[in-house]
Structures are given as C-alpha cells and as structure tokens.
There are 2 protein chains.
Amino acid sequence: MRKELLKDIGEKELINRLGKFMPKNQVLDDCALIKTKNYNLLVNNDSLVENVHFNEISISPQDLGWKAVISNISDLLSSGSKKTVGITISLILPAKTEWVWVEELYKGINKALKQYGGVILGGDCSIGNAKMISITALGIQGELKLRRNACKPGEIILTTGIHGLSKLGFMIKSNINFDNNVSLNEKLISKSIEHFCRPQVNQNFLENLLKTRSNKKITRIGCTDSSDGLFQAVQDLAITSNCKAIINYEKIPRDKDWPKGKKWDEYYFFGGEDYELVFSLPKKWAKNLCKLDKNINEIGFFTNGKPSIEFKDHKKNKLLKNKPFKHF
Amino acid sequence: MRKELLKDIGEKELINRLGKFMPKNQVLDDCALIKTKNYNLLVNNDSLVENVHFNEISISPQDLGWKAVISNISDLLSSGSKKTVGITISLILPAKTEWVWVEELYKGINKALKQYGGVILGGDCSIGNAKMISITALGIQGELKLRRNACKPGEIILTTGIHGLSKLGFMIKSNINFDNNVSLNEKLISKSIEHFCRPQVNQNFLENLLKTRSNKKITRIGCTDSSDGLFQAVQDLAITSNCKAIINYEKIPRDKDWPKGKKWDEYYFFGGEDYELVFSLPKKWAKNLCKLDKNINEIGFFTNGKPSIEFKDHKKNKLLKNKPFKHF
C-alpha cells in the first residue's frame, strides 16, 4: 500500500514540505534572496506545463511567451524587485514542434521584456512528451522588502486590481460551458480574454508605495501575488504571517459587468492567474495609496487569531469551503 | 505541409537558433553571466526529463537528485565558477508521485550540495504527466574566465578524465544488450554504474589551473564540459572558437579494462553525461597541469582551419560520421 500520494496533499502542501530541506535562515517566499555586498538579488522560477497551465486551444505561443515572463515579473514585484536583471529560459518541446511555434513564443517573451525590463541571459532546451517553459528571473531588491510573512494584525488588506477575469478568459477561449443562464457583455468578454492571454503587472506599484509612506522606518511589508487566486494569496499571507484575515465581501472590486451568483463568486475568489498584488499596510498608508492609485482597493483587514480567512458577513463564509485553486 | 520540424534540426541546433533572441553582447555558453560591481555571477539551468534523461529502472531518486546538481555544478565549473552560491529547483511530478520519492530526490540534492557547496534557495512545483527536475544554479565567476569561444590555434586540447563509463553504466542499469561478445570485468561494471549514478566533478581544477599558469596575463581559457559527450564538447569548442581540432586517438585516456572495437569507440566518443571538462591551453601550461594532476590528459591540439574535428590517424575519421549525442 502506498504511504502517501501527492494526489492527496496537492502542490501547495508539497512546496511547504520541501521547505524542510532548505537552510534555516532561508524562508519560502515568492522569490529566493541572494545577499551580495552592493545589493541583494531576488531569484524566481516559474514553470508553465502543457495541459496543466495551458493548451493549444486556449493560448497562442506568442501569448504564452508573454505570460511566462509576466508570471515571473509578478513574483519578483511581489518581493519588492525594483529592476529585472534578466531571465534564463528552459524549454521542453516534443520532437514534432515547429520552429514557427518557438519563434512566436520568443516574440512574446521579448515583448514582455521590452515592456517590463530585463534581457534573455541564456537557456536550455530538451525533448519531452509535453511542452514546458520554465523561466528563472533575477531582479534587484528595492528599498521595501515585500514578504509573505510581514503582515501584522490591525493592517488593512489591499489588492491592485480585479480578480476572476483571467479564469473567465480561459473558459471562453477553451469553449468551456461556464453558465448557460448568463449572457455576457462584449466588453467583459474581450477584457477577460486580454487578462488571460496578456496579463499586465502594476509597474508603478513600488514607486507609489514609497511616495505614500509616512513612516520611513517601515521597510517590510506583507505581500504576495494572486497567481494562484485571491483566496490562496490571502491564505498564504495569513498562514505565513500568523494572523487572521477578515474580508469585506462588499468591498471586493468587481468588473462592472461581472455577473452575480455563487459560481461567479467562485471564479472570482479561486480563479487564479490574474497576477494582481495582495498586500497589507497600516491604515494611514493604505488610505494614501488608494487615493494615489485608483486601481488599488481595500478588501479587509488582519487581526489577531488563528491563521485563517473569514468574511465580515458570516453568511459568505460558505464560499471558503470551496476547493483551493487548481491551474485550469 | 510543415515548414520545419524540431525533429530535423535537433536540440543543439535549436539552442543555437535561439541565440538570435538574445542581446548582442550576450554570448551563448555553458552559463549566463551577470555583471555586478563586486563580482560577476554565473547562472546556469539544466533540466532532466523522465524517459529522455532518466527512467525509473535506470536510476534511483536519490542518485537522480545528486546527478541533477552535478550537471549544473559541472556547467558552472566549466565557466570558471569559484563558488556555488545556491540553486533553485523546479519540479514537475505526476499526481501519483509518492512523498518518499521526493524525499529521496532531495536527499541526493543535499548530499551533492554538501560535497560541492551551495544551498537550496527556493523552488516551485507543478503537476504534469512525466517527472522533470530543472535546477538553476548560481555561482561566482573566478579569476579565470572559461569560455567555449576562447580556444586558440596551437593550443593543446585536454580532458580531466575518462569518457564512456556513464553510458556503459546506463546500459548495464537498463539491461540494454550492448555487446554479447564481450565479458566485462567486475571492476569496470561497478565503476561504470558509479559514473552514471554518482558522477563527480574535479574540485581542484581551477586551483590547479591557477597554480600552473606561468603567464598571468592569460585570463580567458577555452573550456566546456562533456555532458553531451566528448565529441560534442570538442565540436562546440571548435565551432565557437572558429578553429580545427586534431584528436590523437592513441592519447585518449581509457579505463584499463575498456574493451576494444568500433562499438566501444562509439560509446566512448558519443556517450555523454561523464561531466569531465574539455579545454585547451598553451603547450607549457598544459604540460605543467598534467604533471600536477595525473587525471588530466592531452588528447590533441587546435589548429587553423575550418571549424571541425579530425583524427591524427585519418583511418579513425570514419568514427566521426556517427550521429551526435542523444541523451540515453
């Protein structure tokens, strides 16, 4: 009899368990940190696997290249990287892959690098059954150290944008029957596809954080990105920071055409791949930041208590009994 | 009709073509280089894919972990890394993977890091159909810049050790029928399995190079590792350095029990995964180094001419018409 299967514990729990193999001064976070004399380097690795994170119907190779870069840039940003140094690319491709596919992939990669900075430093390629693109990105740690474990009770929880759109875009592109009873607005459809295929990252985030900071002594901020869904992001912050998150359902920013209903709430909270930042700040700082950047919204607060998530409106707590994020 | 298939061009040619997407000052080599004020960082990425580089019969998870680290350390060393900073690990695992498999893999990884230096900095895990382990390793550039394109006509070609053993070890472990007419010596069998499952890297290489250097002005040396086979390594050096390699068949260091014959020559030259260094030095330096480290052997020299390989004994040139290295 098998003692334990990955099937039962899932990717998330596996990554946590792998932490035991790391040195004690090294903390599992969005990025790894390398200290040098002049500045500290952030290192991140993110892989996209065919038929797990993407398939041929849902996304073009150019969009895939763009997205592979963005998922890494988002992780770097959520650790406080002020500049992307570059990336290395590891590709696994089936033998029958056409050159034009690879060329399109790299077009998307270079477009994203042009917009967000950084160059291709090198790479590796191997043959395999399914396509896989794994990017390692290196960035320079900025003044603010954004870490998952730095949230504090009393702080306001914020996000840089709207969730659920990427999930909806994926379902539209994959012809998945998501809800027959709802007819979607054209604008919402195109916005969702854009969010799924060409996600963006808030480039002014660190600058605006610094601009609105009143207490210069605060250099550590609780932060992660919502690549695995808003619910997963808040949960990661709560667990690693050892505090309880109270989410205000009414304050969650939705697209104005986002339909109502239980299913749509699930897409919203568990959707993933929106690459927004989820973070917490002292009250005054939070208020100033929201004034400066209208895309940023308060969605709740942290309090003392067992690491967990609750809705302010307790009736909404049944939503949390849903299964955690699985990549589409 | 398909315009072009990876099947036709192979991994090696694909990697060369991908070079066009990189900035012009960035050169395709074993490692990527990041310049900082105090020192330069070397970055390397190497992936091992199930049923391409390994399978469950041929290698245990602990040996696989060891080998995944060694293949990266070897690349770092072949660029002149004086110290491994650390590694990030990207895993793809089928849902049914057992925890004990992962634990054994990490035991092997940490054993290799204990021997060669460096720590686990972080990692990522995703579900997929076949197992894949991709490691990104960071090292600090030492005084000697070892580069594929730095070989010069007139220089002696050397290797740090014996080739072919890893290939033989793989065939023994996989019960592949390699040659019925030869009965192998027990010592050769165990040594080959050791080379395949627990390859080693020459840790004193850089120190010995520095000790035997008479002209301190020389800081660039032509070098690569033989992870894709001795033939491929010499060819990579010849092409990127734009010179012709003449190999002395008689001087090639063989295990004393290595059988004779065409097949055994093929295993030797095209075997791969021995992780020895293949490099070139001025005559005097080469002589001094071979005196200091008895495992290092001269195997030929570079000369002016079209980038290619020839044997000194022209009769042996038919060996070179063989197909290039494919991972077992």
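Please read these numbers as outputs of a predicted model, since none were measured by experiment. (Residues numbered from 1 in each chain as written. Chains lettered and ligands numbered in written order. Predicted model: local features only at pLDDT ≥ 70, side-chain atom pairs only at ≥ 80, totals over all residues. Heavy atoms only, no water.)

Some words on the overall build of chain A
Part 1: Per the secondary structure count, chain A includes nine helices and 12 strands.
Part 2: A burial count over chain A gives 59% of its 328 residues as buried.
Part 3: In chain A, of all internal contacts separated by at least 6 residues, the share reaching a separation of at least 24 is 84%.
Part 4: For chain A, the exposed area adds up to about 14400 Å²; of that, 49% sits on carbon and sulfur atoms. (Helix = DSSP H or I, 4+ residues; strand = E, 2+ residues; numbered from the N terminus. Buried < 20%, exposed > 50% of the residue type's maximum accessible area, 1.4 Å probe, protein only. Contact = heavy atoms within 4.5 Å. Areas by Shrake-Rupley, 256 points an atom, 1.4 Å probe, with all protein chains shown as cover.)

Regarding the nonpolar core
Residue and element names in this part refer to chain B.
Part 1: In terms of nonpolar packing, the biggest core is built from 86 residues, with Ile109, Ile133, Phe205, Leu209, Phe269 and Phe279 touching the most fellow members.
Part 2: With nine residues, the top contributor of residues to this core is helix H3 (residues 99–116).
Part 3: Both domains that furnish three or more residues to this core are identified here as domain 1 (7–141) and domain 2 (145–321).
Part 4: Those residues in contact with isoleucine 109, other than ones at most four positions away along the chain, are Gly65, Trp66, Val69, Ile87, Ile89, Ile120 and Ile133. (Core = buried A, V, L, I, M, F, W, Y, C linked by side-chain atoms within 4.5 Å. Domains from an automatic or database assignment.)

What about the sheet that holds strand S11 (residues 297–303) of chain B?
All names here are of chain B.
Part 1: Judged by pairing direction, the sheet is mixed, and its seven strands sit side by side in the order S6-S8-S10-S7-S11-S9-S12 without closing on themselves. Whereas interior strands pair on both sides, the edge strands pair on one side only; in this sheet they are strand S6 (145–147) and strand S12 (308–311). On average, each strand axis in the sheet is tilted by 30° relative to the strand beside it, whichever way the strands run.
Part 2: This element, helix H9 (residues 283–292), spans strand S7 (156–159), strand S8 (220–225), strand S10 (277–281) and S11 of the sheet and lies at about 135° to S10. (Pairing = 2+ DSSP bridges. Axes fitted to C-alpha atoms, helices over the stretch in contact; angles between N-to-C directions.)

Digging into a positive patch on the surface
Residues and elements named next belong to chain A.
Part 1: A cluster of basic residues, Lys283, Lys287, Lys291 and Lys294, forms a positive patch at the surface.
Part 2: Relative to the helices and strands, lysine 294 is located in the loop between helix H9 (283–292) and strand S11 (297–303).
Part 3: The exposure class of lysine 294 is exposed, given its relative accessible area of 67%. (Patch = residues over 30% accessible without salt bridge, like charges linked within 9 Å, V, L, I, M, F, W, Y side chains within 5 Å. Salt bridge = Lys/Arg side-chain N within 4 Å of Asp/Glu carboxyl O. Lys, Arg positive; Asp, Glu negative; His and termini not counted. Charge placed at Lys NZ, Arg CZ, Asp CG, Glu CD.)

Thoughts on the domain arrangement of chain A
Residues and elements named next belong to chain A.
Part 1: You can read the domains of chain A as domain 1 (27–141) and domain 2 (145–321).
Part 2: Residue-level contacts link 29 residues of domain 1 with 25 residues of domain 2.
Part 3: Of the roughly 2400 Å² buried between domain 1 and domain 2 on both sides combined, carbon and sulfur atoms contribute 51%.
Part 4: Along the contact surface separating domain 1 from domain 2 lie two salt bridges. (Buried area = accessible area lost by both parts, 1.4 Å probe.)

Describing the packing of helix H4 (residues 165–173) of chain B against helix H5 (residues 186–197) of chain B
Residue and element names in this part refer to chain B.
Part 1: At a closest axis distance of 7 Å, the pairing of H4 and H5 adopts a crossing angle of 100°. Between H4 and H5, the angle falls in the class roughly perpendicular. Note on element contacts: H5 touches H4 through Leu188, Ile189, Lys191, Ser192, Ile193, His195, Phe196 and Cys197, opposite Leu165, Ser166, Leu168, Gly169, Phe170, Ile172 and Lys173. (Parallel < 35°, antiparallel > 145°, perpendicular 65-115°, else oblique.)

A short note on unusual backbone geometry
Residues and elements named next belong to chain A.
Part 1: Phi at asparagine 175 is positive, roughly 55°, even though this residue is not glycine.
Part 2: A residue is classified by how much of its surface remains accessible, and asparagine 175, at 67% relative accessible area, is exposed.
Part 3: Positioned with a positive phi, asparagine 242 is a non-glycine residue whose angle comes to about 55°.
Part 4: Considering the arrangement of structural elements, one finds asparagine 242 in the loop between helix H7 (230–241) and strand S9 (244–247).
Part 5: On the basis of relative accessibility, which here comes to 54%, the residue asparagine 242 falls in the exposed class.

Topic: the pairing of strand S10 (residues 277–281) of chain A
Residues and elements named next belong to chain A.
Part 1: Across the five residues that make up S10, a large majority, five, are buried.
Part 2: Burial along S10 is two-sided: Leu277, Phe279 and Leu281 facing one way and Val278 and Ser280 facing the other are all buried.
Part 3: With four bridges joining them, strand S7 (residues 156–159) and S10 adopt antiparallel strand pairing. Along S10, the bridge assignment pairs isoleucine 156 with leucine 281.
Part 4: Two strands pair when backbone bridges link them, and strand S8 (residues 220–225) and S10 are joined in this way by four bridges, in the antiparallel orientation. Paired with glycine 222 across the strands is serine 280, a residue of S10.

Some remarks on the pattern of salt bridges
All names here are of chain A.
Part 1: Under the counting rule described, the total for this entry stands at 26 salt bridges over all chains.
Part 2: In this structure, the salt-bridge partner of glutamate 298 is lysine 251, at a minimum N-O distance of 3.7 Å. On the criterion of sequence distance, the pair formed by glutamate 298 in strand S11 and lysine 251 in the loop between S9 and helix H8 (262–270) is long-range, its members being 47 residues apart.
Part 3: A relative accessible area of 22% means that glutamate 298 is categorised as partly exposed.

Brief notes about the side chain of asparagine 202 of chain B
All names here are of chain B.
Part 1: Mapped onto the secondary structure, asparagine 202 falls in the loop between H5 and helix H6 (205–211).
Part 2: A polar contact is formed between the side chain of asparagine 202 and the backbone nitrogen of phenylalanine 205, at a distance of 3.2 Å.
Part 3: At 3.1 Å, the side chain of asparagine 202 forms a polar contact with the side chain of aspartate 293. (Polar contact = N/O pair within 3.5 Å; in protein donor to acceptor, adjacent residues only side chain to side chain.)

Focus on the sheet that holds S11 of chain A
Residue and element names in this part refer to chain A.
Part 1: Ordered by their spatial adjacency, seven strands build an open sheet running S6-S8-S10-S7-S11-S9-S12, and the pairing between neighbours is mixed. Two strands lie at the open edges of the sheet, namely strand S6 (145–147) and strand S12 (308–311), each paired on one side alone. With direction set aside, neighbouring strand axes in the sheet form an average angle of 30°.
Part 2: Relative to S11, S9 runs antiparallel, the two sharing four bridges. Looking across to S11, one finds that alanine 245 is bridged to phenylalanine 302.
Part 3: Here H9 sits on the sheet in contact with S7, S8, S10 and S11, set at roughly 135° to S10.

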